[in-house]
Protein chains: 8
Amino acid sequence: MNGTDPTVLNLGFARVDLGREKRQGVAEVVYAPGKTREHITAIVTGLLAHNTGPVLVTRVDARTADAVRAEIDGGQYDDEARLLAWRPVPAGRFTVAVVSAGTADWPVAAEAQAVAAAIGLGTTVIHDVGVAGLERVLAVKGQLAAADAVIVVAGMEGALASVIGGLVAKPVIAVPTSAGYGSSFEGITALLGMHASCAAGVTVVGIDSGFGAAMAAHRIALTRADPR
Amino acid sequence: MNGTDPTVLNLGFARVDLGREKRQGVAEVVYAPGKTREHITAIVTGLLAHNTGPVLVTRVDARTADAVRAEIDGGQYDDEARLLAWRPVPAGRFTVAVVSAGTADWPVAAEAQAVAAAIGLGTTVIHDVGVAGLERVLAVKGQLAAADAVIVVAGMEGALASVIGGLVAKPVIAVPTSAGYGSSFEGITALLGMHASCAAGVTVVGIDSGFGAAMAAHRIALTRADPR
Amino acid sequence: MNGTDPTVLNLGFARVDLGREKRQGVAEVVYAPGKTREHITAIVTGLLAHNTGPVLVTRVDARTADAVRAEIDGGQYDDEARLLAWRPVPAGRFTVAVVSAGTADWPVAAEAQAVAAAIGLGTTVIHDVGVAGLERVLAVKGQLAAADAVIVVAGMEGALASVIGGLVAKPVIAVPTSAGYGSSFEGITALLGMHASCAAGVTVVGIDSGFGAAMAAHRIALTRADPR
Amino acid sequence: MNGTDPTVLNLGFARVDLGREKRQGVAEVVYAPGKTREHITAIVTGLLAHNTGPVLVTRVDARTADAVRAEIDGGQYDDEARLLAWRPVPAGRFTVAVVSAGTADWPVAAEAQAVAAAIGLGTTVIHDVGVAGLERVLAVKGQLAAADAVIVVAGMEGALASVIGGLVAKPVIAVPTSAGYGSSFEGITALLGMHASCAAGVTVVGIDSGFGAAMAAHRIALTRADPR
Amino acid sequence: MNGTDPTVLNLGFARVDLGREKRQGVAEVVYAPGKTREHITAIVTGLLAHNTGPVLVTRVDARTADAVRAEIDGGQYDDEARLLAWRPVPAGRFTVAVVSAGTADWPVAAEAQAVAAAIGLGTTVIHDVGVAGLERVLAVKGQLAAADAVIVVAGMEGALASVIGGLVAKPVIAVPTSAGYGSSFEGITALLGMHASCAAGVTVVGIDSGFGAAMAAHRIALTRADPR
Amino acid sequence: MNGTDPTVLNLGFARVDLGREKRQGVAEVVYAPGKTREHITAIVTGLLAHNTGPVLVTRVDARTADAVRAEIDGGQYDDEARLLAWRPVPAGRFTVAVVSAGTADWPVAAEAQAVAAAIGLGTTVIHDVGVAGLERVLAVKGQLAAADAVIVVAGMEGALASVIGGLVAKPVIAVPTSAGYGSSFEGITALLGMHASCAAGVTVVGIDSGFGAAMAAHRIALTRADPR
Amino acid sequence: MNGTDPTVLNLGFARVDLGREKRQGVAEVVYAPGKTREHITAIVTGLLAHNTGPVLVTRVDARTADAVRAEIDGGQYDDEARLLAWRPVPAGRFTVAVVSAGTADWPVAAEAQAVAAAIGLGTTVIHDVGVAGLERVLAVKGQLAAADAVIVVAGMEGALASVIGGLVAKPVIAVPTSAGYGSSFEGITALLGMHASCAAGVTVVGIDSGFGAAMAAHRIALTRADPR
Amino acid sequence: MNGTDPTVLNLGFARVDLGREKRQGVAEVVYAPGKTREHITAIVTGLLAHNTGPVLVTRVDARTADAVRAEIDGGQYDDEARLLAWRPVPAGRFTVAVVSAGTADWPVAAEAQAVAAAIGLGTTVIHDVGVAGLERVLAVKGQLAAADAVIVVAGMEGALASVIGGLVAKPVIAVPTSAGYGSSFEGITALLGMHASCAAGVTVVGIDSGFGAAMAAHRIALTRADPR
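As the structure is a prediction and not an experimental result, all values here were calculated from the model.

(A) Looking closely at the overall build of chain A. Counting secondary structure elements, chain A contains nine helices and eleven strands. The C-alpha atoms of chain A give a radius of gyration of 18 Å, which matches the 17 Å a tight globule of 228 residues would have. Dimensions of chain A, computed from the C-alpha atoms along their principal axes, are close to 55 × 40 × 30 Å. Here chain A, with 228 residues, has 68% of them falling under the buried criterion. Contacts spanning at least 24 positions in sequence make up 68% of the contacts within chain A whose residues lie at least 6 apart.

Rendered as structure tokens:
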């Protein structure tokens, strides 16, 4: 029966949602962990054939990425973001500032930036802006003001989301990270803190989910008549 | 020193942030629980005098609302949303659909709707669309497609956020509610489930925070050149 | 004293429950982790000698399985399910559909399928039917309707259990998996979500317990006069 | 649009799923807490008009039940189970034994029994069979063996589910209750214990969800060609 | 035996630690909840007789306080702090700034201030300095710089502790409060966040423990040769 | 069938374990909360008729106790312990010291003492021995040394169990209490702390379970040939 | 100062409590993890020189044990229990039955047995007595009745503690283990379940603490005039 | 813009807070985990150039430390504390006693000591003073009395903080450690216990945060006119 449904590609081990690009503006994204190279190659091949926009594989290590790229031309690998992408879209008019609270939050921020860039958002990256040195936050107010939305990536207590939420009148998407020590509890402390933020209207995505934050920004970009 | 800072109104028991309207587009909102009528009256009086836009008091019971309105003209009270508002803004061009999963989620949805309306967003309300009867969800796809953003209010397991996140290409702001029984744990189950949502780019605000969801939608509306 | 109890086989390091096959329809199943090859071999030998139906070893790695099979003839090993089985029973008339929400849930679904098949249930496997693409779920309604019971295997937020619970009038046995990222918390999010499911009558087994789900289905099959 | 969908009754404050009776064998069940008498009356009226089988309201207190019954004829109220029912179905051939571990678990067991009876299952109730006096459990083995499925209702550590799961070859549906003291943590201890049960194939529903257990039994009864 | 130990006053229902004043600089403090008026009166009488410094009763309601004061002269009651005190000490040279993040944190801040004042610390109170309006924090930098130690009282996400910890080179004692909503979880979110603070050297006391913070400040004051 | 089992008294609403007195030395104890006066009266009547030793009702309020005593002669009520007892046993040769850490722990300590006394243990009560004043602990070493076992009742951080566990070579039964504030979390902090105690061989019972501690002491007394 | 305290041996890196043997009947026991071979050797040497009874090192791996034994004669190593012991005491008259619920609980049971034996308790070991096969429990009632105390070692839901607690009138010391899968949560489920046990007077020690259980049994043995 | 802010050194991958030494008395401290050798080298080089006091790298392994020292002269490495330091300050007049409860707590205590020493505090180290042998605590009272502040490092139940808090009239900074077994839960048990301490005025820092405790002591030292 679903053999005849043109929006689902049944590969046996996976059921690829071909309709997602049309429905949501970005094709289904492949989460690499737990998948073999053969599986990733088959899914990507199917997505490239049946869609026209970018195709992404997230959380993929360099060796797997190389193996898949050897099979499918045109893939670009970003090893900080662990992102493998085909047919990335040029940056449109909607820009996102990705702000990280500390150097340890960098891999998550890198994923947010790389995914956002691949799906056509303009990106600015601002590193290592912890609230323990407020002048660092105040110094980047101009950069934040120039963006259409802000992704705040922070572990520890996640206070940066509250502080930036109070400074700007933009969508603020907070990403708690599992970075931290002391009593960070693998990101739970930051997750709870960002939810209890005293700055109204801050929203939160899952722990370490740079990908989710970029996709949330993409949804916002789509609300504009002219996102690109 | 802060006596001379024009952006802070020091009432002794409270330090009102007069700069917030300019900085964020909406004046500081008063959270009523724990404040006396006199305190609420004083803060609202200050906000009305030093700002020009809407002034809101949330989670306020009817008796307190009546007492404050007796002191300050022009306040409108919405008893389902428990919101007291002065100088509400007419609906602009940005519209939000507020969708609730069950009848028990209504008070939170009401707060989201009322706050959004008071600060100038167009609102559509869609009640009681649980995923256990999928046709109810599918039936409202058209209404969801017509909105610029969707606020999903759900307790229990919060699955509605994933389902709607997969259906629409809009910003989806999920609000976990403390409604539910069985193993809902006062909203924690829904909060975690919404964060682990398999629909990419769904964002989440705090438990029962209809107010927070409305403010998040407002931040998104501001990214458009023409929000109203 | 228990040397004379014919329903207990005391091997010193283990006390095998020989009466379970008669009492429950399936002999005691051996959980491999933490047991040496010699222990597994001795227990299986005892079970084969004193029972007449299938004998199973779960969560066993390939090397251990090979070593045990070298000692005891007739064992069949399923490496995806990590199941080692002797004397599997042909499929009877009671059939179970095993549905997984994502590719990462596959190992748990494989265990459910393999155990169910070994103890005489008919099985259908439906992979990768996440709720973020509802048409994938709707497309398999026919296959679900043809089964006597449905095992839903899902990590992340576990919403698939609610959606399928609402679609079918069959026993739905939900298995939360530890697959997932973001805020899945090793399956706790899915476990809680499945319990708080808004679809009435969904039941849940332990995290990653494909085995438990198959056994639950077996208990249901036994309620029919003609399970095979 | 959904005004023309015959399977949804849109009452404004609620969207009644009229298709559920046909889809799942039992009409949508009304959860009373948080609903006004007027709301309950309107929903029940709609369900009675558009369905032909039993209509149930759960967790309803006596005063509300009386008020609703004054508006709608034929309702029967069970005050121990806090259940209000119209058009109950005579007991069919599928029977359920409801076993409680202690006297404090009685309200939950009563709900399971009353819901099961109203939707056409035969029921046997066995009270106060704690494992601290094993002979009490052993004494009821015959009663358990005569039923088609067993609902085990237990708070505290929930050990009764494991013990009964080991004794019978029937579907065992465990209901953790919030009864208990010491370290019961409102049912969480029993919930976890039932999930970690060493008896294979025990399934679990939400805390205090006698209703959910009865519905799960109903799903099992439907797998038989001749449930009634 | 302890009848002859001069440092313990055995009242039967309580064993008063008379040596604490000498050992720690402040006599044992009486925690009122759960104690009868007669018990409080007896303990205070004993402490006044055997010590020479301040005697305090915390978390005492107005009616109990009045009843005890009717029996023992000289007690002063602070109803915001719910503190009853005899023989308070004039403020010495060591001063503490008590800063609260929101108006809801006031009762805890009041307790910290009143206890600190009663045991001889100079106190400054700064209300309602949330990080969502940073200029409010920056505006009080001078006041913070003039104090010897800072007590930060905050609920919600507790970010104020990190921000102030980064601004001043003083001992910062953070008090998480149970005030808040959304995802504050009765102070747990603030407690965890304060512990994971990115500002080095911030210390934390128990939830709502204004008393504990004042006593911690007192311990610091004692490290100076000239605390008064 | 169990109508003929002489060790079970089936009252319909309860199944009284008549064999427990013979099996365990003390008849089944009635936990009052949630039971009606009629239920308690019926159970106690049955226990008195079929057993010969003490019969106890725990956690019973004064009004219920009076009502039951009006029906059944000879009951003695201890309102601090909330214990109702018939046929208490004179103190034997095995003695228990019940030590509480603070005055707030008194109700739990009272239950431990009253239950222990009613079932024939000698008891010594030592109140309010917190570790913040170590000399109070050291002062009672002689009293502890004279007892056969020690029950330590403590809330807060529960450190008294570790300290006493290190001082004496007796069985130490620790009872965490829900008393406390700050970060006591209703006894969880004390429960965990007592389990992680650095004093080897300390055992723990449930939160607030003075009853459980007394029963544990009774089990120990039975190991002696001459407990009385 | 403590150089002259004859009850403390200050080794610089450790402060050995030489008085513990006299105070508690067993010398301080050395917990190996985290200590170097040199540290263990030095502490054991000191304990052997200043005490007369058994000296134990727990949780020590075979290689470390061999290295220490090469330095100090007379050490005996039990590799299942991971216990290294000098001067073990012959079994006295007090006997302990160590009962495990499953084969995976064996390492913890082995530690309990080996420590108990080394400090002079008689021990009986009963393996793999899970409650899912009750006849296995009932079959060993005689062995349990012959012991003076019972140590119950169980992971999963820990129900064995309740069942045995109900069967015997002995001290029952429950040890939750981290063995298990599904929803065992590293022993937390068993820990909570054992605390909420419906069998009165069961006591609990820390997760996996076979050592703690043996020491608790030793404390009980000391209550007898004639433990050996 | 921040290129011209003299208090921030923008290295691209990190934004070094050059103003912190002036603002807080100690330059920004580098947390090594997750940073490459090149990153550490660049940050340290910048800090040495723009500050005049000590520069520290914490949690750095020996190989990384050697590599960095090969690039930058004058670094001293303490391998127990895993601390790399340049320009350590001679000990001033403020002294801190670092007390550990057990040998397993040593690495955390070593970090506290080494950081404190490097930033100019006098330090005394007292090892292995567990409360299970109280005489060990009492024996060091003199050493504690001679210090200006006490850092208490303890895992397990953390009771040492309460005991020392009751003995001395000094600032007590408690550091929970992840050392321990049984039910220590990676330091959570100690963290909660220290917060619920019955000794008033004890403060707590994050789990394993010897660094945080040293910095808290430094803040206290700064309150004296003459810290050095």
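(B) Focus on the relation of the copies chain E and chain F. Rotating chain E by 90° and moving it 0.0 Å along the rotation axis overlays it on chain F with an RMSD of 0.0 Å. Viewed as a symmetry operation, the transformation between the two copies matches a four-fold axis. Taking C-alpha positions as the reference, the residue of chain E nearest the rotation axis is E:Phe185, at 8.1 Å.

(C) Region of the structure containing the pattern of salt bridges. Counted under the stated rule, the structure contains 53 salt bridges over all chains. The partner of B:Arg20 in a salt bridge is B:Asp17, with the nearest N and O atoms 3.0 Å apart. B:Asp17 matches B:Arg20 in its accessibility class, with the two residues each being buried. The salt bridge involving B:Glu28 is made with E:Arg136; its shortest N-O contact spans 3.7 Å. With B:Glu28 in the loop between helix 1 (20-24) and strand 3 (30-31) and E:Arg136 in helix 5 (residues 134-139), the pair connects residues from two separate chains.

(D) Broad picture of helix 4 (residues 106-118) of chain H. All names here are of chain H. With 13 residues, helix 4 should reach 18 Å at 1.5 Å per residue; the first-to-last C-alpha distance of 18 Å fits that figure. Counting buried positions along helix 4 yields ten of 13 residues, so the element is predominantly enclosed. Turning to helix 4, its buried residues number three or more, namely Val108, Ala109, Ala110, Glu111, Ala112, Gln113, Ala114, Val115, Ala116 and Ala118. In the segment just after helix 4, glycine 120 is the residue with positive phi, at about 100°.

(E) Structural view of the interface of chain E and chain F. Listed as interface residues are 18 residues of chain E and, on the opposing side, 17 residues of chain F. Carbon and sulfur atoms supply 54% of the area that chain E and chain F bury against each other, a total of about 1,600 Å² over both sides. Between the two partners, chain E and chain F, sit two salt bridges. Run the count over chain E and chain F and you get seven residue pairs in polar contact (both at pLDDT 80 or more). Of all elements in the fold, only strand 2 (15-17) and helix 1 (20-24) of chain E reach the threshold of two or more residues within the side of chain E that touches chain F. Residue composition of the side of chain E that touches chain F, grouped by class: seven nonpolar, four polar and seven charged.

(F) Structural context of the nonpolar core. Ranked by size, the top nonpolar core spans 68 residues in total, and within it E:Ile151 and H:Ile151 carry the most contacts. Apart from residues lying up to four places away in sequence, E:Ile151 is in contact with E:Val96, E:Ala97, E:Val98, E:Val99, E:Ala112, E:Ile173, E:Val175, E:Ala213, E:Ala214 and E:Ala217. Judged by nonpolar contacts, the second largest core, of 67 residues, contains C:Leu83, C:Ala85, D:Ala213 and D:Ile220.

(G) Expanded view of the interface of chain E and chain H. Taken together, the contact between chain E and chain H spans 31 residues of the former and 31 residues of the latter. Summing both sides of the interface, chain E and chain H together bury roughly 2,500 Å²; the carbon and sulfur share of this comes to 55%. When the buried surface of chain E facing chain H is broken down by residue, E:His195, E:Arg219 and E:Thr223 rank first, second and third, together holding 26% of it. Applying the counting criterion to the chain E and chain H interface returns zero salt bridges. At the boundary of chain E with chain H, the tally comes to 24 residue pairs in polar contact (both at pLDDT 80 or more).

(H) A look at the relation of the copies chain E and chain H. Mapping chain E onto chain H calls for a screw motion: a turn of 180° about the axis and a shift of 0.0 Å along it, with 0.0 Å RMSD after fitting. The transformation just described matches what one would write down for a two-fold rotation axis. A symmetric contact is evident, with 100% of the interface residues of chain E recurring at the interface of chain H.

(I) Highlighting the sheet that holds strand 4 (residues 55-58) of chain F. Residue and element names in this part refer to chain F. Strand order in the open sheet formed by four strands is 3-4-6-5, and the pairing between neighbours is mixed. Edge positions in the open sheet fall to strand 3 (30-31) and strand 5 (76-78), since each of these has one partner strand only. As judged from the two bridges shared by strand 3 and strand 4, these two strands associate in the parallel manner. Note on strand 4: the bridge partner recorded for tyrosine 31 is threonine 58.

(J) Spatial organisation of the arrangement of the chains. A minimum C-alpha distance of 20 Å separates chain A and chain D, which share no contact. The least C-alpha distance between chain D and chain E, which are not in contact, is 16 Å.

(K) Examining the pairing of strand 6 (residues 83-86) of chain C more closely. Residue and element names in this part refer to chain C. Of the two faces of strand 6, the one lined by Leu83 and Ala85 and the one lined by Leu84 and Trp86 are each fully buried. Bridging between strand 4 (residues 55-58) and strand 6 involves three bridges; their strand directions are antiparallel. The partner of valine 57 across the bridge, within strand 6, is leucine 84. Across three bridges, strand 5 (residues 76-78) lies against strand 6 in antiparallel orientation. For tyrosine 77, the partnering residue across the bridge sits in strand 6 and is leucine 84. What sits between strand 5 and strand 6 in their antiparallel hairpin is a turn of four residues, with arginine 82 showing a positive phi close to 55°.

(L) Main features of the packing of helix 2 (residues 37-50) of chain B against helix 3 (residues 62-71) of chain B. Residues and elements named next belong to chain B. The geometry of helix 2 relative to helix 3 is characterised by a closest axis approach of 10 Å and an angle of 45° between their N-to-C directions. With respect to helix 3, the element helix 2 is oriented oblique. Two packed elements cross with a definite hand, and for helix 2 against helix 3 that hand is right-handed. Contacts from Arg37, Ile40 and Thr41 in helix 2 reach Arg63, Thr64, Ala67, Val68 and Glu71 in helix 3. The residue makeup of the contact of helix 2 with helix 3, split by class, is three nonpolar, two polar and three charged.

(M) Seen up close, the pairing of strand 4 (residues 55-58) of chain G. Neither face of strand 4 of chain G is left uncovered, since the one carrying G:Val55 and G:Val57 and the one carrying G:Leu56 and G:Thr58 both have all their residues buried. Each parallel crossover has a hand, and for strand 3 (residues 30-31) of chain G linked through helix 2 (residues 37-50) of chain G to strand 4 of chain G it is right-handed.

(N) Summary view of the environment of B:Gly102. Counting through the fold element by element, B:Gly102 comes out in the loop between strand 7 (95-100) and helix 4 (106-118). The exposure class of B:Gly102 is buried, given its relative accessible area of 17%.

(O) Looking closely at the packing of helix 4 of chain H against helix 9 (residues 210-221) of chain H. Residues and elements named next belong to chain H. In contact at an axis separation of 7 Å, helix 4 and helix 9 are set at 35° when each is read in the N-to-C sense. Where helix 4 crosses over helix 9, the handedness of that crossing is right-handed. Of the residues in helix 9, those touching helix 4 at Val108, Glu111, Ala112, Val115 and Ala116 are Gly210, Phe211, Ala214 and Met215.

(P) Molecular detail of the sheet that holds strand 6 (residues 83-86) of chain D. Residues and elements named next belong to chain D. In space, the four strands of this open sheet follow the order 3-4-6-5, with mixed pairing throughout. Strand pairing shows two members of the sheet lacking a second neighbour, strand 3 (30-31) and strand 5 (76-78), which therefore form its edges. Sitting on the sheet, helix 4 (residues 106-118) is in contact with strand 4 (55-58), strand 5 and strand 6, with an inclination near 5° to strand 6.

(Q) Representation of the side chain of G:Ser209 in the model. All names here are of chain G. Residue placement: serine 209 occurs in the loop between strand 11 (203-204) and helix 9 (210-221). Judged by its relative accessible area of 9%, serine 209 falls in the buried class. Those residues in contact with serine 209 that sit more than four places away from it in its chain are Arg59, Val108, Glu111 and Val175.

(R) Representation of helix 9 of chain G. Counted at 1.5 Å a residue, the expected span for helix 9 of chain G with its twelve residues is 16 Å, and the 17 Å between its end C-alpha atoms agrees. Most of helix 9 of chain G is tucked away: twelve of the twelve residues are buried.

(S) Structural view of the state of the cysteines. With the rule as written, the count across this model stands at zero disulfides over all chains. Between B:Cys198, a free cysteine, and C:Cys198, which holds the nearest cysteine sulfur, the sulfur-to-sulfur gap is 14 Å.

(T) Broad picture of the environment of G:Ile43. Residues and elements named next belong to chain G. Here isoleucine 43 lies in helix 2. Each C-alpha atom, one on isoleucine 43 and one on valine 29, is 9.7 Å from the other, the two residues being 14 residues apart in sequence. Discounting chain neighbours no more than four positions away, the residues touching isoleucine 43 are Leu11, Phe13, Ala14, Val16, Val30 and Lys35.

Rules and cut-offs
Note on numbering: residues in each chain are counted from 1, in written sequence order. Chain labels run from A onward and ligand labels from 1 onward, assigned in the order the entries are written. Two thresholds apply to this predicted model, a pLDDT of at least 70 for residue-level local features and 80 or more for giving and counting side-chain atom pairs, whereas whole-chain, interface and lining totals are computed over all residues. Side-chain measures here rest on the full set of heavy atoms in the structure, leaving out hydrogens and waters. Secondary structure elements follow DSSP: runs of H or I no shorter than four residues count as helices, runs of E no shorter than two count as strands, and numbering proceeds from the N terminus. We compute the radius of gyration from the C-alpha atoms alone; for a globule the expected value is 2.2 Å times N to the 0.38, where N is the number of residues. To sort residues, take the accessible area from a 1.4 Å probe on protein chains only and compare it with the maximum for the residue type: under 20% means buried, over 50% means exposed, and anything in between is partly exposed. Working rule for contacts: check all heavy atoms of both residues, and any pair within 4.5 Å makes them a contact. Our superposition of the copies is a least-squares fit, built on the C-alpha atoms of residues whose pLDDT is at least 70 in both. One speaks of a salt bridge when a side-chain nitrogen belonging to Lys or Arg is within 4 Å of a carboxyl oxygen belonging to Asp or Glu. Multiplying 1.5 Å by the helix residue count minus one yields the expected span of that helix. Once two parts are joined, some of their accessible surface, as seen by a 1.4 Å probe, is lost; buried area is that loss totalled over both. As used in this structure description, the phrase polar contact means that two N or O atoms lie within 3.5 Å; if the pair is within protein, one of them must be able to donate a hydrogen and the other to accept it, and residues adjacent in sequence are counted only when both atoms belong to side chains. Charged means Asp, Glu, Lys or Arg here, nonpolar means Ala, Val, Leu, Ile, Met, Phe, Trp, Tyr, Cys or Pro, and polar covers whatever is left, Gly included. Among buried residues, the Ala, Val, Leu, Ile, Met, Phe, Trp, Tyr and Cys ones that are joined through side-chain atoms within 4.5 Å form a nonpolar core. Pairing between two strands is assigned when DSSP locates at least 2 bridges connecting them. Lines fitted to C-alpha atoms define the axes, with helix axes restricted to the stretch in contact, and inter-axis angles between N-to-C directions lie between 0 and 180 degrees. We call two directions roughly parallel when the angle between them is under 35 degrees, roughly antiparallel when it is over 145, roughly perpendicular when it lies between 65 and 115, and oblique otherwise. Rotating anticlockwise by less than a right angle from the far helix to the near helix defines a left-handed crossing, while the corresponding clockwise rotation defines a right-handed one. By definition, the crossover connecting two strands over a helix is right-handed if that path, from the first strand to the second, turns clockwise as seen with the strands pointing away from the viewer. When the sulfur atoms of two cysteines come within 2.5 Å, that pair is taken as a disulfide.

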